[in-house]
Amino acid sequence: MIAPGSTPKTAKEGIAIHKEALEKSGGDVAKMSIVLRRDTHLSTTSVSGHREAQTLFENGYRGFGATELEESLVVGGPDDCIKYLEEMESAGVTEVLFRCALDERVLALQTITTIGKEVNRTSDASQLDDCEAESYSDGTNSGSTTLGSSTVGMKVTCTGMLT
């Protein structure tokens, strides 16, 4: 799994090293799974997503340095996320695990819904309903859903700790 604070450049370098080592040892690169873990905040538009996430950049986030924060946190709208996923998929990423960067329930559910309806247009919409129901009724204040193959062809999972 590629750590959440790894920049795309670092992730791509690590993937290349891993592929080379696997090929040298006779492994099948086509069967290799590479999971990218990313923290994200998404809204319906890039402008609103960036505005809502501004506090992460102003106050810092989970010990990320400035470069890691700017390059590894996926913030904005659906198109920003899809562009990022396409870049990482071309590097060899096969799955992505998103964690909601903002803990506020409404904003976390907004991120999960945006991923499900806009980024992962092929998902079963009933999964989003299940996620929202679980996050409100299970008493744990958490929500999680696996949304299947994304628009760019990789498995997408999104989790959120909701307050």
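If you're wondering where the values come from, they're calculated on a predicted model, not measured in any experiment. (Residues numbered from 1 in each chain as written. Predicted model: local features only at pLDDT ≥ 70, side-chain atom pairs only at ≥ 80, totals over all residues. Heavy atoms only, no water.)

Turning to the overall build of the protein, a few remarks are in order. Each helix and strand counted, the protein has seven helices and five strands in total. Moving toward the C terminus, one meets the helices and strands of the protein in the order α-β-α-α-α-β-α-β-α-α-β-β. Taken across its 163 residues, the protein has 44% of its residues classed as buried. Here the analysis covers contacts within the protein between residues at least 6 apart in sequence; of these, 70% occur between residues at least 24 apart. With the model as given, the accessible surface of the protein reaches about 8100 Å², and the carbon-plus-sulfur share is 50%. (Helix = DSSP H or I, 4+ residues; strand = E, 2+ residues; numbered from the N terminus. Buried < 20%, exposed > 50% of the residue type's maximum accessible area, 1.4 Å probe, protein only. Contact = heavy atoms within 4.5 Å. Areas by Shrake-Rupley, 256 points an atom, 1.4 Å probe, with all protein chains shown as cover.)

This next bit is on the nonpolar core. Core analysis: the largest hydrophobic core is formed by 25 residues, its most contacted members being Ile2, Leu36, Cys81, Val93, Phe98, Ile115 and Val119. Among the secondary structure elements, those contributing two or more residues to this core are α1 (8–24), β1 (35–42), α5 (78–90), β3 (95–100), α6 (105–119) and β5 (155–161). Tyr61, Leu69, Leu73 and Val75 belong to the second largest nonpolar core, which has 10 residues in total. (Core = buried A, V, L, I, M, F, W, Y, C linked by side-chain atoms within 4.5 Å.)

What follows deals with the confidence of the model for the protein. On average, residues of the protein carry a pLDDT of 80, and 76% of them reach 70 or more. Contacts from residues 122–150, a stretch scored under 50 in pLDDT, to residues over four places away or in other chains number 61 contacts. (pLDDT = per-residue confidence, 0-100.)

Time to look at the pattern of salt bridges. Tallying each qualifying case throughout the model produces four salt bridges. The salt bridge involving Lys12 is made with Glu87; its shortest N-O contact spans 2.8 Å. With a gap of 75 residues between them, Lys12 in helix α1 and Glu87 in helix α5 connect regions that are remote in the sequence. What makes Glu87 partly exposed here is its relative accessible area of 33%. Measuring nitrogen to oxygen at the nearest pair gives 2.2 Å for the salt bridge that ties Arg37 to Asp39. (Salt bridge = Lys/Arg side-chain N within 4 Å of Asp/Glu carboxyl O.)

Our focus in this paragraph is the layout of surface pockets. In this structure, the largest pocket encloses a volume near 290 Å³. Lining the largest pocket, in full, are His50, Phe57, Leu69, Glu70, Glu71, Leu73, Val74, Val75, Asp80, Lys83, Tyr84 and Glu87. Those elements that place two or more of their residues in the lining of the largest pocket are α4 (66–72), β2 (74–76) and α5. Looking at the lining of the largest pocket residue by residue, the class counts come to six nonpolar, one polar and five charged. (1 Å grid on protein atoms, 1.4 Å probe; cavity = no way out; pocket = protein on both sides within 12 Å on 5 of 7 lines; lining within 4 Å. Points joined across faces, edges and corners; volume = space filled by probe spheres on them. Nonpolar A, V, L, I, M, F, W, Y, C, P; charged D, E, K, R; others polar.)

Quick look at the packing of α1 against α5 now. Axis separation between α1 and α5 bottoms out at 10 Å; the angle between their running directions is 25°. By the criterion of interaxial angle, the relationship of α1 to α5 is roughly parallel. Where α1 crosses over α5, the handedness of that crossing is right-handed. Listed contacts from α5 to Pro8, Ala11 and Lys12 of α1 are Tyr84, Glu87 and Met88. Among the residues forming the contact of α1 with α5, the class breakdown is four nonpolar, no polar and two charged. (Axes fitted to C-alpha atoms, helices over the stretch in contact; angles between N-to-C directions. Parallel < 35°, antiparallel > 145°, perpendicular 65-115°, else oblique. Left-handed = near helix turned anticlockwise from the far one by under 90°.)

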